[in-house]
Amino acid sequence: MGLLKTIPVFSPDPWSGYGYGADAGEVVLDGGSDPAKTEPLRWGDSHHPALSETGGKYDGRFIYINDRANGRIGMVDLRDFKTKQILDIPNLQTSHGGVFATPDTDYVHISSHTGAPLGAPDAFVELEDFAESFRGISTFLAVDQETGKCDLSESFQIELPPYTQDLADAGKLASDGFAFIPCFNTELATASTVDGAPLETSASKNDYDFLHVIDWRKAEEVVEAGKTEMVNGVRMIRLQTAIDEGILHFVPAPRSPHGVCVSPDGNYIVVSGKLDPTTSTYDIELIKRAIEEKTYQGTDVYGVPILDLDAVLVGLVEVGAGPLHTQFDAEGNAYTCMFIESSVAKWTLGPKAGVPESEAFKFVDKVSVHYNPGHLVNVGGDTTEPDGKYLVSMNKWSIDRYQTVGTLHPQNFQLIDLTGEKMRVLKDMPIGFGEPHYAQMVKADTIKAWETYPVGTDPLTMGPSEYATEPGNERIERDGDTVHVYMTAMRSHFTPDVIRVKKGDNVSLHITNIESTKDATHGFAIPGHNVQASIDPGEVVNIDFAANRSGDYAYYCTEFCSALHMEMQGWLLVEP
Ligand code: CUK
Ligand code: CUA
């Protein structure tokens, strides 16, 4: 319950020098921003991180996270805990379903939240035509196993009805090859002026919405067979094809489900309807059989077959008001948080998770949390191998738990002890930088992060930089209007410590931190130029800027690196 580090993904961050002139951050942030859409995006609404997996277990290589607001994904390399890619995913305006990684990280998955008009990027469609023209999208992004980056050319999408797709999960073991996405708004409501009632009312009428059951291995075959259309640069399986090929089925799920979670053995798929006090558990073997035998209770308005509820549902457990998300332990228990009643419930799975028939699908225990939890996380809680004795409840409100610090209050993490007869809250931890959504908890020894870079490393490629500069070889070279500065940084000096240019020149700095001592990080800031970099030991940072103002600017190291840190400065002289 301590905070070690915050990793900037979609937003600039001064301490790490991400997005203030240094190329690594600028390249990643700009690369995730479609210039045709807007000003370069410099924020995201990150919701669901997913660690890469091998064999259904975390492997410590990469972590992915979605941008709920802009339909994007970010990828962080866990060798240096830095963001290497942001991808603006075509045909997806917003995202919520994911990120999850398939059990061997062949794909990371993202699906839409609110559907969008499908077609030309700026297509305008009246809301009256919502059902007709808007579509949801499930995206399987192929992962390059070397770099962890998503490769759009190997990826595919599946067109879905424009229901509001919510947090998804990947099948594993017994359900390997399947993906699950709950959705609400099967009413296809849009807005009060169109529907005559506010969205929150008109989208909550149906007693049952749907869980999407997607056979992604079958989808892969359909893509291989070429039964796709290119839509804005990505191969798409059309809705009708998904129906015809048996890729997409629905399962009824109680009112307005929010999340779906797959048990560690893959047998049980748990859905919580946020307007229903129960969790619904479905059995994957029964789902497979119902698909095989076409045990349908009908189709939706788009023709997607709906599996018969009684044929697939195995457990209905009353847990409390407002159930959202579920985690699992190794003993066949499930833990579900209740947003409305501010509590966490413990309940049992069925015989396939080792629970005797007589004890199966029963409420066990409840603990109050403070307040309004969103997600829960335990060690490997979404893998084939959950472990550990603790659960963290990520609460949306803190109300009276902390000193008042103005009108925007911290959120509250609470650590829950799972070892006793009763669950117990052990500790509070304020989170002062944003609303928590999902999290991943991984054993420390799974992460094999570098302590320093090999000297001369470009963090964008994690290999040698062509701009690496050795001590003694520092220099300034003019090339037309561009001045290249090959600089080294070492306690407590920048070499060169004078850069003389003319107003109007482009300045291209290549700074190598030639230290190999761990934690010997230097910063590099130029007053009034929006330039700030963190140059970690061994790292090469490139900074390009226009010297548009004449003057004498004292650049300096922003990291208190030595007793003579205050002396670690130089001069940028811009002649008129
Ligand atoms: S959602 Cu359910 S609490 Cu985006 Cu995971 Cu936040
Ligand atoms: Cu380098 Cu302070």
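To be clear, the structure that these remarks concern was listed above.
This one's a predicted model, so the numbers in the text were calculated from it and none came from an experiment.

Draft legend 1. Fine view of helix H5 (residues 216-224). When H5 is considered as a whole, its buried residues turn out to be Trp 216, Ala 219, Val 222 and Val 223. Down the axis of H5, the buried side of the element spans an arc of 105°, and every buried residue falls inside it. Of the exposed residues in H5, the ones pointing more than 90 degrees away from its buried face are Glu 221 and Glu 224. The opening residue of H5 is Asp 215, an N-cap whose side-chain oxygen sits 3.4 Å from the backbone nitrogen of Arg 217.

Draft legend 2. Fine view of helix H1 (residues 23-31). Among all positions in H1, only Asp 23, Ala 24, Gly 25, Glu 26, Val 28 and Leu 29 are buried. Here the buried face of H1 lies against strand E4 (82-88) and strand E40 (540-546).

Draft legend 3. Here's a closer look at the pattern of salt bridges. In the structure shown here, the tally under the stated rule is 27 salt bridges. The partner of Arg 42 in a salt bridge is Glu 26, with the nearest N and O atoms 3.4 Å apart. Of the two residues, Arg 42 sits in the loop between H1 and strand E1 (46-54) while Glu 26 sits in helix H1, which places them 16 residues apart along the sequence. Residue classification places Arg 42 among the partly exposed residues on the basis of a relative accessible area of 26%. In this structure, Asp 59 engages Arg 61 in a salt bridge whose closest nitrogen and oxygen atoms are separated by 2.9 Å.

Draft legend 4. How the structure looks around the environment of Ile 431. If you trace the backbone, Ile 431 turns up in strand E30 (residues 424-431). Residue Ile 431 is classed as buried on the basis of its relative accessible area, which comes to 6%. Each C-alpha atom of the pair Ile 431 and Gly 266 lies 32 Å from the other, and the pair is 165 residues apart in sequence. Residues contacting Ile 431, with those up to four places away along its chain left out, are Pro 410, Gln 411 and Phe 413.

Draft legend 5. Seen up close, the sheet that holds strand E2 (residues 57-67). Strand order in the open sheet formed by four strands is E1-E2-E3-E4, and the pairing between neighbours is antiparallel. Bordering the open sheet on either side are E1 and E4, each of which pairs with just one other strand. Strand-to-strand twist in this sheet, taken as the mean axis angle between neighbours without regard to direction, amounts to 25°. Two strands pair when backbone bridges link them, and E2 and strand E3 (residues 72-77) are joined in this way by six bridges, in the antiparallel orientation. If you follow Asp 67 over to E3, its bridge partner there is Arg 72.

Cut-offs used in this document
- Residues numbered from 1 in each chain as written.
- Chains lettered and ligands numbered in written order.
- Predicted model: local features only at pLDDT ≥ 70, side-chain atom pairs only at ≥ 80, totals over all residues.
- Heavy atoms only, no water.
- Buried < 20%, exposed > 50% of the residue type's maximum accessible area, 1.4 Å probe, protein only.
- Helix = DSSP H or I, 4+ residues; strand = E, 2+ residues; numbered from the N terminus.
- Arc of directions from axis to C-beta.
- Polar contact = N/O pair within 3.5 Å; in protein donor to acceptor, adjacent residues only side chain to side chain.
- Contact = heavy atoms within 4.5 Å.
- Salt bridge = Lys/Arg side-chain N within 4 Å of Asp/Glu carboxyl O.
- Pairing = 2+ DSSP bridges.
- Axes fitted to C-alpha atoms, helices over the stretch in contact; angles between N-to-C directions.

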